[in-house]
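Next come the chains, spelled out residue by residue.
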Amino acid sequence: MNRSPRTRFVSTWCLWALLAVIAAPAAFGQHSVAREWNEETLEAIRNDFARPTVHARNLYHSAAAMWDAWAAYDPLADTVLHHERLD
């Protein structure tokens, strides 16, 4: 089959774009644990009844707990719920 130069260019470009989309997660690494936990929480919210105030509170508490877990190791970070430090 004899293809025109434009067709070859478009085919080659589409192939490279597809490879870039497939390889992007491996090139940039995995998501953080906090991101994975947030995704799981959001999936649970999608499967539950619509209760915005309850879901907002749950998202806040999980985010504050993750922040406090990180802040326990950082001497300059302020904590939200738990006020102990690791020395």
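For every chain, the first residue of its written sequence is number 1, and the numbers climb from 1 along that sequence. Only residues with pLDDT of 70 or above have their local features reported here, since the model is predicted, and side-chain atom pairs are shown and tallied only from 80 upward, although totals for entire chains, interfaces and linings are computed over all residues. Only hydrogens and water are set aside; all other atoms, that is, all heavy atoms of the structure, feed into the side-chain values.

### A short note on the packing of helix 2 (residues 33-47) against helix 3 (residues 52-71)
Helix packing for two helices is described by the angle between their axes and how far apart those axes are.
So, point 1. Running from amino to carboxyl end, helix 2 crosses helix 3 at an angle of 165 degrees, the nearest separation of the two axes being 11 Å. The angle between helix 2 and helix 3 places the two elements in the roughly antiparallel class. For the pair helix 2 and helix 3, the sense of crossing is right-handed. Here helix 2 contributes Ala34, Trp37, Asn38, Thr41, Leu42 and Ile45 to the contact with helix 3, which in turn contributes His55, Leu59, Ser62 and Met66.
So, point 2. Gly counts as polar in this scheme, as do all residues outside two lists: the nonpolar Ala, Val, Leu, Ile, Met, Phe, Trp, Tyr, Cys and Pro, and the charged Asp, Glu, Lys and Arg. Tallied by class, residues from the contact of helix 2 with helix 3 come to 6 nonpolar, 4 polar and no charged. With axes taken as lines fitted to C-alpha atoms, and helix axes fitted only over the stretch in contact, angles between N-to-C directions fall between 0 and 180 degrees. A run of H or I in DSSP counts as a helix once it spans at least four residues, and a run of E counts as a strand once it spans at least two, with each numbered from the N terminus. By definition in this entry, angles of less than 35 degrees are roughly parallel, angles greater than 145 are roughly antiparallel, angles of 65 to 115 are roughly perpendicular, and the rest are oblique. The crossing is said to be left-handed when, going from far helix to near helix, the turn is anticlockwise and less than a right angle, and right-handed when the turn is clockwise. Whether two residues touch is decided by their heavy atoms; if any such pair falls within 4.5 Å, the residues are in contact.

### Re helix 3
So, point 1. An expected span of 1.5 Å times one less than the residue number is assigned to each helix. Counted at 1.5 Å a residue, the expected span for helix 3 with its 20 residues is 28 Å, and the 28 Å between its end C-alpha atoms agrees.
So, point 2. To sort residues, take the accessible area from a 1.4 Å probe on protein chains only and compare it with the maximum for the residue type: under 20% means buried, over 50% means exposed, and anything in between is partly exposed. Turning to helix 3, its buried residues are His55, Ala64, Met66, Asp68 and Ala71.
So, point 3. Those residues of helix 3 that are buried are in contact with helix 2.

### Side note on a nonpolar patch on the surface
So, point 1. For patch building, the residue pool is restricted to those with more than 30% relative accessible area and no salt bridge; the joining distance is 9 Å between like charges and 5 Å between nonpolar side chains (Val, Leu, Ile, Met, Phe, Trp, Tyr). For accessible areas, the Shrake-Rupley method is used with a probe of radius 1.4 Å. Any residue's cover is judged against the shown protein chains and nothing else. What makes a salt bridge here is a side-chain nitrogen of Lys or Arg within 4 Å of a carboxyl oxygen of Asp or Glu, nothing more. Taken together, Tyr60, Trp67, Trp70, Val80 and Leu81 make up a surface patch of nonpolar side chains, about 520 Å² in accessible area.
So, point 2. Within the secondary structure, Trp67 sits in helix 3.

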